[in-house]
Amino acid sequence: MSLLILAFACGIALLQVQGALPGVHAMGALCALALAGLLLATRYKHWAFRLLSLACCALFGFVWAGWMAQLRLAEQLPEAWEVKEIQVTGIIASLPQRFERGERFEFDVESVHTTGATVPGRIMLSWYHSWDDLADTDEAVEAKAVRPGERWRFTVRLKRPHGNANEFAFDYEAWLLERNIRATGTIRSRSETQRLDAFVPRPAYAVERLRDVIRSRFLAALPDAPYLGVLIALTVGDQRSIPNAQWKVFNRTGITHLVSISGLHVTMVAAMFAALLNWLWRRSERLMLRLPAQKAAVLAGWLAAFSYALLAGFEVPAQRTLYMLSVVALALWSGRNLGVSRTLLLALLVVLVLDPWAVLATGFWLSFGAVGLLLFVGTSRIGERSGEKSGEKSGEKSGEKSGEKSGRPGWQSTLAQWGATQWAVTVGSLPLLLLFFQQFSLVSPLANALAIPYVSFIITPLALLFAVLPWPPLLFFDHWLMAQLMWLLEWLADWPMWQQASPPLWASLVAIAGVLWLLLPRGFPARWLGLCLLLPALFWPPPRPALGEAWVDVLDVGQGMAVVVRTAGHALLYDSGPLYSADANAGQRVVVPYLRAAGVVQLDTLVVSHRDKDHSGGVTAIQESLPIARLLSSIPDLGGEACIAGQRWEWDGVHFSILHPDAGDYQTKSKKSNNMSCVLRITNDAGSVLLTADIEADDEQALIVRAPLLLSNDVLLVPHHGGSRSSTAEFIAAVGAREVVFSAGYRNIFNHPRPDVLERYAASRQWRTDRDGAMRIVLARTTDVSAWRRERQRYWHGQ
């Protein structure tokens, strides 16, 4: 049975890496084939038929995931209605997430009033408030805010699910698909909105309204407390109030999982309630006669887990934990001893049947991996103890004489077991952390050993108690306790982290085998060989261009620009991407993670072309994350050197030259920021690339006059994202690029690239980050361009 469940899971995972879904008829044929094969396999006991049964279960998993995907993708926003105004009526379906200039929430659409428009049933809306709204008092802003369960009429502009597509990056479109959010958009002006009902009485909306009330209680009791966001996150799952500085501390100490309602918290709450009810139940003989204490405790634990998962917004990680605990609860309630491993596999089956997209989430692999690892280590310890029973029996009499009580471990034994568990989890999670995040905290074992019991058994219960009994001194005390923990974590966060390039998949699989070998029971020979199997994942050198070659990666950062250039021994970043909001930018979200995963530990040169926030928005985050040997910019107050036409250097056989602006342009105060864009040319024996930032028609003409021979290039990063004030016919002819790249955001408000500009480049092959994702330009023997979405297409992309 266990192998059949694993085969089913493999089939589901295989479907999730497909570029397109099989048709309905093809899936029907596969289902019939799997059923026939399974019936045949059950009639014979030969090993070949057992393999056939595994293959059939994998086919069933493949078909099940495909059928679920077909149902979910059937509801979508037609392309013809993207970014057009549509009037809808519906209900606020989730806890609104507040940000600097507005709020974001899920919306259940009940009716569409615009003739001919089709809108999916669940969408995500962002409401950006006007500057007049932002000038209101806090009380006035709160009065205008939306609340879960309200019925509203909005005029909206929607887009199909779309996210930035880069290697090593988070797949936002898959995240939306798993949550059944089939469109995202914005709300038009407040004058076109109307609240129709204060509350729609449905169970799901009642839970969301309760979460909103609890969050308001926290904010009213401690409005300016620095760590209140953590307490809110632990209670109702809203993490938006946690500042970036605190997230950095949690990341560097390896306890990020503790400040979100994860499987650990749900399990701890369930265990606490089960233990409490078990103790109380045993105090009543009448209750014990009606229902055994163990079953009552199982029921109480499950109800506590279910309630806490609802309070957390029933997010996907909490759902997975609830499904796992449900399987465990059913096994305990029935009195059947399924075994720990079989119970875990049944939980896996339930999770994947209800949520086939779970395999796309890193949390799925980390949570099931951690539980499986603890099971592996725990089984080994049981084996050790059973082997020690004879020794314990022989020493029983002498132990009694000395006053020792056999079988009752003291605090030393408990502490040793807790330390061994932390060691197992730390080492065991290492391969997955390197594969998914390319880093791990060296102080994580110590930080987790202290923080897990502190947060799980003290901080979280007190926060939940305040949610039920809103007595302000209780929250003050809980916040004070959190402040003490943060003092320690901030000290630990100053310790170094291990960061490296993303290891290949085979090295991660070898490292997992090494972990299992290393954690075998004491006495097993040559356990140290497990460390050797970890070495490829820890020290695998990142791929680099050969001497004389260059890789130019145009990252997908939305409406902005960021280009990573690598040679055999050097790295350059051209622009840092846009500023998304006051606390989010492309530097921290896209560029720095990409550089870390690619193995770039230092930037030899950072070029910030000009002041505009869609090009310089991520500079601060990059400066805080990486050492930068040289800074070139047209922004005087940024520091570094001014980029001036005529600057040249050579790295590893690859030549770099600045073509714009001229030295005299810095003396002209009337020059706009776009006109001061640093233009960079990269060339080797195979070809050349021209990076032009936001230059406009006058700057293009100046380049034609000043450097006509240097303008001819194989690849052109099109000026100003394809805006109409750039890309004159003379400039396009002078460059003569075979390949042109447009760096622009999906359905951006500027309509970049403009249709007339696309026509001007009709003779060139066109690439677009909003359609193709990140691009890699390889200057090797020839000049080749490839796109991330084309090479790693998934069936949900663009849907």
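Residues numbered from 1 in each chain as written. Predicted model: local features only at pLDDT ≥ 70, side-chain atom pairs only at ≥ 80, totals over all residues. Heavy atoms only, no water.

## A word on the state of the cysteines
And step 1. In this structure the tally under the stated criterion is one disulfide.
And step 2. Linked covalently through their sulfurs, C643 and C678 form a disulfide whose S-S length is 1.8 Å. Between C643 and C678 the disulfide shows an S-S torsion of about -60°. By sign, it is left-handed. Taken together, the residues C643 in the loop between β17 (641-642) and β18 (648-651) and C678 in the loop between β19 (654-660) and β20 (679-683) connect sequence positions 35 residues apart.
And step 3. A relative accessible area of 0% places C643 in the buried class. (Disulfide = S-S within 2.5 Å. Helix = DSSP H or I, 4+ residues; strand = E, 2+ residues; numbered from the N terminus. Buried < 20%, exposed > 50% of the residue type's maximum accessible area, 1.4 Å probe, protein only.)

## A few points about the sheet that holds strand β23 (residues 739-742)
Within a sheet, neighbouring strands are paired by backbone hydrogen bonds and run either parallel or antiparallel to one another.
And step 1. Sheet architecture is open: seven strands sit in the order β18-β19-β20-β21-β22-β23-β24, paired in mixed fashion. Whereas interior strands pair on both sides, the edge strands pair on one side only; in this sheet they are β18 and β24 (765-768). Each neighbouring strand pair of the sheet contributes to a mean axis angle of 20°, computed without reference to strand direction. (Pairing = 2+ DSSP bridges. Axes fitted to C-alpha atoms, helices over the stretch in contact; angles between N-to-C directions.)

## Overview of unusual backbone geometry
With glycine set apart, most residues show a phi of negative sign, and most peptide bonds adopt trans.
And step 1. A cis amide bond links H660 to the next residue, P661, at an omega of 5°.
And step 2. By secondary structure assignment, the location of P661 is in the loop between β19 and β20.
And step 3. A cis geometry characterises the amide bond from H752 onward to P753, with omega recorded as -10°.
And step 4. Here P753 is to be found in the loop between β23 and α28 (755-760).
And step 5. Backbone geometry at Q438 places phi at a positive 60°, although glycine is not the residue there.
And step 6. Phi angles above zero are rare outside glycine, and A526 is one such case at about 60°.
And step 7. With respect to the element layout, A526 can be found in the loop between α21 (505-518) and α22 (529-539).

## Here we look at a nonpolar patch on the surface
And step 1. Residues W517, F524, W528, L529 and L533 make up a contiguous nonpolar surface patch of roughly 480 Å² in combined accessible area.
And step 2. Considering the arrangement of structural elements, one finds W517 in helix α21. (Patch = residues over 30% accessible without salt bridge, like charges linked within 9 Å, V, L, I, M, F, W, Y side chains within 5 Å. Areas by Shrake-Rupley, 256 points an atom, 1.4 Å probe, with all protein chains shown as cover. Salt bridge = Lys/Arg side-chain N within 4 Å of Asp/Glu carboxyl O.)

## Details of the confidence of the model for the protein
And step 1. Looking at the protein as a whole, the pLDDT averages 88, with 92% of positions reaching at least 70.
And step 2. Contacts from residues 392-408, a stretch scored under 50 in pLDDT, to residues over four places away or in other chains number one contact. (pLDDT = per-residue confidence, 0-100. Contact = heavy atoms within 4.5 Å.)

## Some remarks on the pattern of salt bridges
And step 1. Tallied over the full model, the rule gives 29 salt bridges.
And step 2. The shortest N-O distance in the salt bridge between E79 and R160 comes to 3.2 Å. Of this pair, E79 sits in the loop between α3 (47-73) and β1 (85-92) while R160 sits in the loop between β5 (151-159) and α6 (172-178), and the two are 81 residues apart along the sequence.
And step 3. The class for R160 is buried, based on a relative accessible area of 7%.
And step 4. Here D772 ties to R790 by a salt bridge, and the two come within 3.3 Å at their closest N and O atoms. One end of the pair, D772, is in helix α29 (residues 769-772); the other, R790, is in helix α30 (residues 788-791), with 18 residues separating them in the sequence.
And step 5. Overlapping salt bridges bring together E110, R151, D197 and R202 as one network.

## Details of the packing of aromatic side chains
And step 1. All told, the structure shown has 26 aromatic pairs when counted by the stated rule.
And step 2. The interplanar angle of 75° and the centroid separation of 4.9 Å between the aromatic rings of F218 and F466 together place this pair among those described as edge-to-face. Within this pair, whereas F218 is found in helix α7 (residues 203-221), its partner F466 is found in helix α19 (residues 444-468), the two being separated by 248 residues in sequence.
And step 3. Look at F466 and you get buried, because its relative accessible area is 2%.
And step 4. Geometrically, the ring pair formed by Y795 and W796 is edge-to-face, given 4.9 Å between the ring centres and 85° between the ring planes. Of the two residues, Y795 and W796, neither departs from the other in class, the shared state being buried. (Phe/Tyr/Trp six-rings, centres within 6.5 Å; stacked < 30°, edge-to-face > 60°.)

## Digging into the pairing of β23
And step 1. The alternating pattern of β23 places E739 and V741 and V740 and F742 on opposite faces, both of which are buried.
And step 2. Here strand β22 (residues 715-717) runs beside β23; their pairing, made up of three bridges, is parallel. By the bridge assignment for β23, L717 is matched with V741.
And step 3. You can see the chain leave β22, run along helix α27 (residues 729-735) and come back into β23, and the turn it takes is right-handed.
And step 4. Pairing geometry for β23 and β24, over four bridges, is parallel. What sits directly across from F742, in β24, is R768.
And step 5. Traced from β23 through α28 to β24, the parallel crossover comes out right-handed. (Right-handed = clockwise from strand over helix to strand, strands pointing away.)

## Some thoughts on the nonpolar core
And step 1. In this structure, F218, F250, M482 and L489 are the most contacted members of the largest nonpolar core, which totals 51 residues.
And step 2. At ten residues, the largest contribution of residues to this core is made by α19.
And step 3. Residues contacting F218, with those up to four places away along its chain left out, are L228, L231, I232, T235, A463, F466 and L475. (Core = buried A, V, L, I, M, F, W, Y, C linked by side-chain atoms within 4.5 Å.)

## What about the packing of helix α1 (residues 2-15) against helix α14 (residues 340-354)?
And step 1. Their axes nearest at 10 Å, the elements α1 and α14 cross at an angle of 30°. When the interaxial angle is binned, α1 and α14 end up roughly parallel. α1 and α14 meet at a crossing whose hand is left-handed. Contact with α1, carried on its side by S2, I5, L6, F8, A9 and I12, involves L345, L346, L348, L349, L352 and V353 of α14 and no other residues of that element.
And step 2. Across the contact of α1 with α14, the residue classes tally to eleven nonpolar, one polar and no charged. (Parallel < 35°, antiparallel > 145°, perpendicular 65-115°, else oblique. Left-handed = near helix turned anticlockwise from the far one by under 90°. Nonpolar A, V, L, I, M, F, W, Y, C, P; charged D, E, K, R; others polar.)

## Some points on helix α9 (residues 244-253)
And step 1. If you check which residues of α9 are buried, you get Q246, V249, F250 and T253. With its buried residues spanning 95° around the axis, α9 presents them on a single face.
And step 2. On its buried face, α9 is in contact with α8 (228-236), β8 (439-441), α19 and α20 (472-492).
And step 3. Following α9 by one or two positions, G254 adopts a phi angle in the positive range, close to 75°. (Arc of directions from axis to C-beta.)

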